[in-house]
Each structure stands twice: as structure tokens, then as C-alpha cells.
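Read off the chains here:
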Amino acid sequence: MKLAILTATYNHPTNLQELYTTLKHQLDKEFTWFIVDDGSKPETCDIVREMIKESAINIQYERKENGGKSSAVNRGLDLVQEYNFVVIIDDDEHLYHDATQTMKKYYDEYKDKPCSVINFMRADRNGIPLCNANAIGDRLLSMQQHKALKIHEDGYAAYFVNKLGDIRFPIFRGEKYIGPSVLMILASANDCILWSDATLGTTEYLHGGITQSGRKLRLKNPKGMILHAMLMLNGESNLRIKLGYSIHAYAYKHYAGLSRAELKTEGLDMDKFFPVSILGWALAIAWRIKFGIVKY
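Counting restarts for each chain: residues are numbered from 1 in the order of the written sequence. Local features are withheld for residues below a pLDDT of 70 in this predicted model, meaning they are given only at 70 or higher, and side-chain atom pairs are given and counted only at 80 or more; totals for whole chains, interfaces and linings count all residues. By convention in this description, side-chain values take in all heavy atoms of the structure and omit both hydrogens and water.

Chemist: Is there a simple way to explain the overall build of the protein chain in this structure?
Modeler: For the protein chain, the helix and strand inventory stands at 12 helices and 9 strands. In terms of C-alpha radius of gyration, the protein chain reaches 19 Å, essentially the compact-globule figure of 19 Å for 296 residues. Along the three orthogonal principal directions, the C-alpha set of the protein chain runs to about 60 × 40 × 35 Å. Contacts: residue pairs with any heavy atoms within 4.5 Å of one another. Here the analysis covers contacts within the protein chain between residues at least 6 apart in sequence; of these, 81% occur between residues at least 24 apart. Entry remark: accessible area of the protein chain is about 14000 Å², with carbon and sulfur atoms responsible for 53%. For helices the rule is a DSSP run of H or I covering at least 4 residues; for strands it is a run of E covering at least 2, with both sets numbered from the N terminus onward. The quantity called the radius of gyration is restricted to C-alpha atoms. Its globule counterpart is 2.2 Å times the number of residues to the power 0.38. To measure how exposed things are, a 1.4 Å probe is used in the Shrake-Rupley method; for residues, cover is taken only from the protein chains shown.

Structure representation (C-alpha cells):
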């Protein structure tokens, strides 16, 4: 099988160098590392050129104009069409030496099963998996079933390229970010996600800091968050999930600053949500007080 590792990067040359160190020490080096540079300063290109000269692993590099991580990942997915399996790894990750071996093992085991996405575990720098006690064993579940079971696990998304096809992150005008869950949901619409308990590596995880920084990023990209809420409202979602995402969707609508009709032209239908606009307005006010972001 042909394995691709895809990294979208933006002005993180030191992190990229550290990831490279863990990649060149893989026990199985039969893979290609695709780096999509989302308009970084020249330092990133210089470092990648030095990596390529070293010839320790196969590297493919492409630089594009800055358009956000989602657009960079989309470009990377276009580049890996001749590969079987692509694993998206951020530039601040450190992979264990057997990570590519694990990727290939799971590909072989699940390539013919009703599974189009595999979510591998990641750990913090102390080696503690970023999950809760409900994340036990390998599980074939939709994103909605996973949420309903109150499972939390932070991981690396891997896609069977032939099943992914031309599915990509939607790109909204004026926004540069959309959560990775959106692509996972779209890619697994006709089957399941394998939630693996295999841990591929570690990431820099700041307890108490991720939630706040992540929320600020989402508030600056509200249309992507409304889409995520829409995708979570299917038959496998329970009442708690549907109500929660409806409230969030109305809160993000306030940050988008667009009418229902304007949102609908971008494929975002507020009529799909429960009529909880007042609760959404209250949540938007709470976010403004907490995070200091007044509007989109």
C-alpha cells in the first residue's frame, strides 16, 4: 500500500523540523510526507529544502497563498490521489517510531470494512492519551453515535483515499478555519469512523488553555461552526445533542452577522435547528463577555 502523511503548515519552521526528526526515525520509512505551506515566510521553505537535501525520507513540498488550514489540507488531499491512505498530522506533533507501522496495520485490517475514516489517538507530552474513560478499545461509530456516548478523544484523522474521493472541507467566504470533524463527518456519511485506541504520537497540550483558544478561533469562523452543527443533527443524534447544537448554531449566527436568507445562500439552513434563538442569543452574549470578541 502507498501511505501519505499530510501536514499543512504556516510559519512554524521549528515545529516542522521537530516533526521531521520523528518522521525520519520511523521504523518503516516507506511513505511520502506531503507538506503544504499555506503562505509562510521564507524560513519554512528554507528548512524544507534542507530536509529534502538530506534524503532521509520522501518529501513532497508545495507552497500556496495563505487561505487557512482547511484550504491547505484540501490542496494536500488533491496531491495524494495516487495513494491508498492519508494521515493528517499537524506540524506540532511528535510521532512514535512505530507510527507508520501502526497506520499500515490498520489500513490492511479495515480497508474492506464499512469504514472510510480512522481516528488514531494522540497523547500529551507525558504520554497520557488525550481522551476520557469512555474511550476504550477500537469502535466503529458515526460521529453522532460517538457524541451520544459522551466519548472524548483527541486524535489524528486518516482517510482511505478511494473512499474519500472528491470530498473536501467546504470553504466559506471570509473564513479560514473549519473544524476537522466536518471532513470526518462528510467522509463517513455512508459508513462509520473507526475510533482506534492506538496512539501514534504526542502533541503540546496546555490543560485549561486549549478550550479558550479554540473557542476564539471558532467565533472568528462562525459559518463553519453552523455547518458542523447542521451535520450533527441526523437520526443518530439524541435530543440532548440536537438541542445543544441548535443553541450553538444560533449563537454562532450572531457572530456571523448574517440573516437566515444570507446564510441559506451559503448552504446553511437555520430552519434545520430547534427554535431556540433566545437561548442562542444568551450564549452569544456570554461568549462576548468571556472572550471579548464582539462580532465577526
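Chemist: Would you take a moment to explain helix α9 (residues 222–231) for this structure?
Modeler: Each α-helix turn comprises 3.6 residues. Residues three or four places apart therefore point the same way. With respect to burial, α9 is a largely interior element, 9 of its 10 residues being buried. Along α9, the residues that are buried comprise Pro-222, Lys-223, Gly-224, Met-225, Ile-226, Leu-227, His-228, Ala-229 and Met-230. Categorising residues by exposure relies on relative accessible area from a 1.4 Å probe, with only protein chains included: less than 20% of the type maximum marks a residue as buried, more than 50% marks it as exposed, and the intermediate range marks it as partly exposed.

Chemist: Just checking my understanding: could you explain the packing of aromatic side chains for this structure?
Modeler: Any aromatic ring pair is given by two values, namely how distant the centres are and how the planes are angled relative to each other. By convention, a stacked pair of Phe, Tyr or Trp rings (six-membered ring in the case of Trp) has centres within 6.5 Å and planes under 30 degrees apart, an edge-to-face pair has planes over 60 apart, and any other such pair is tilted. Applying the stated criterion across every chain, the model contains 9 aromatic pairs. Members of the aromatic cluster, each reached through a chain of ring pairs, are Phe-85, Tyr-107 and Phe-160. Its end group placed over the ring of Tyr-83, Lys-2 keeps NZ or CZ at 4.6 Å from the ring centre. The criterion is that NZ of a Lys, or CZ of an Arg, lies within 6 Å of the ring centre and within 35 degrees of the ring normal, and then a charge sits over that ring. Across from the ring centre of Tyr-110, 4.7 Å away, lies the NZ or CZ of Lys-113, which sits over that ring.

Chemist: How should I be thinking about unusual backbone geometry in this particular structure?
Modeler: Outside of glycine, negative phi angles account for most residues, and trans bonds account for most peptide bonds. A positive phi is found at Ser-55, a non-glycine position, where the angle reads about 60°. In this structure, Ser-55 sits in the loop between α2 (42–54) and β3 (58–63). Residue Lys-150 is not a glycine yet carries a positive backbone phi of 60°.

Chemist: Is there a simple way to think about the environment of Asp-46 in this case?
Modeler: Tracing the backbone shows Asp-46 in helix α2. It is 8.9 Å that separates the C-alpha atoms of Asp-46 and Pro-13, two residues lying 33 residues apart in sequence.

Chemist: Teacher, can you tell me more about the confidence of the model for the protein chain here?
Modeler: One rule of thumb: low pLDDT means the predicted coordinates there are not for detailed reading. For the protein chain, per-residue confidence averages 94 on the pLDDT scale, and 96% of positions sit at 70 or higher. Here residues 208–212 scores under 50 on pLDDT; set against residues more than four positions off or in separate chains, the count is 2 contacts. Per residue, pLDDT captures the predictor's confidence, and it can take any value from 0 to 100.

Chemist: Looking at this model, I keep getting lost on the pattern of salt bridges. Mind explaining?
Modeler: If the charged atoms of two oppositely charged side chains come close together, the side chains can form a pair. Salt bridges, as used here, are contacts in which a Lys or Arg side-chain nitrogen is within 4 Å of a carboxyl oxygen on Asp or Glu. All chains considered together, the criterion is met by 14 salt bridges. Between Arg-125 and Glu-204 there is a salt bridge, and its shortest N-O distance comes to 3.5 Å. Linking Arg-125 in the loop between β6 (115–124) and β7 (139–141) with Glu-204 in the loop between β9 (192–203) and α8 (210–219), this pair joins segments that are 79 residues apart in sequence. Classification of Arg-125 by relative accessible area gives partly exposed; the value is 32%.

Chemist: Honestly, the packing of helix α1 (residues 13–24) against α2 in this entry has me stumped. Any pointers?
Modeler: Packed helix pairs are characterised by how far apart their axes lie and by the angle those axes make with each other. A fitted line through C-alpha atoms represents every axis, and for helices the fit uses only the stretch in contact; the resulting angles, taken between N-to-C directions, go from 0 to 180 degrees. Here α1 crosses α2 at 15°, and the two axes come no closer than 9 Å. Taken as axis vectors, α1 and α2 run roughly parallel relative to one another. In this structure, α1 crosses over α2, and the sense of that crossing is right-handed. Here α1 contributes Pro-13, Leu-16, Gln-17, Tyr-20 and Lys-24 to the contact with α2, which in turn contributes Glu-43, Thr-44, Ile-47, Val-48, Met-51 and Glu-54. Think of it as three bins: nonpolar holds Ala, Val, Leu, Ile, Met, Phe, Trp, Tyr, Cys and Pro, charged holds Asp, Glu, Lys and Arg, and polar takes everything else, Gly as well. For the contact of α1 with α2, the class distribution of residues is 6 nonpolar, 2 polar and 3 charged. Every angle not falling under 35 degrees, over 145, or within 65 to 115 is termed oblique; those three ranges are roughly parallel, roughly antiparallel and roughly perpendicular. Helix crossings get a hand from a simple test, with the near helix turned counterclockwise from the far one by less than a right angle marking a left-handed crossing and a clockwise turn marking a right-handed one.

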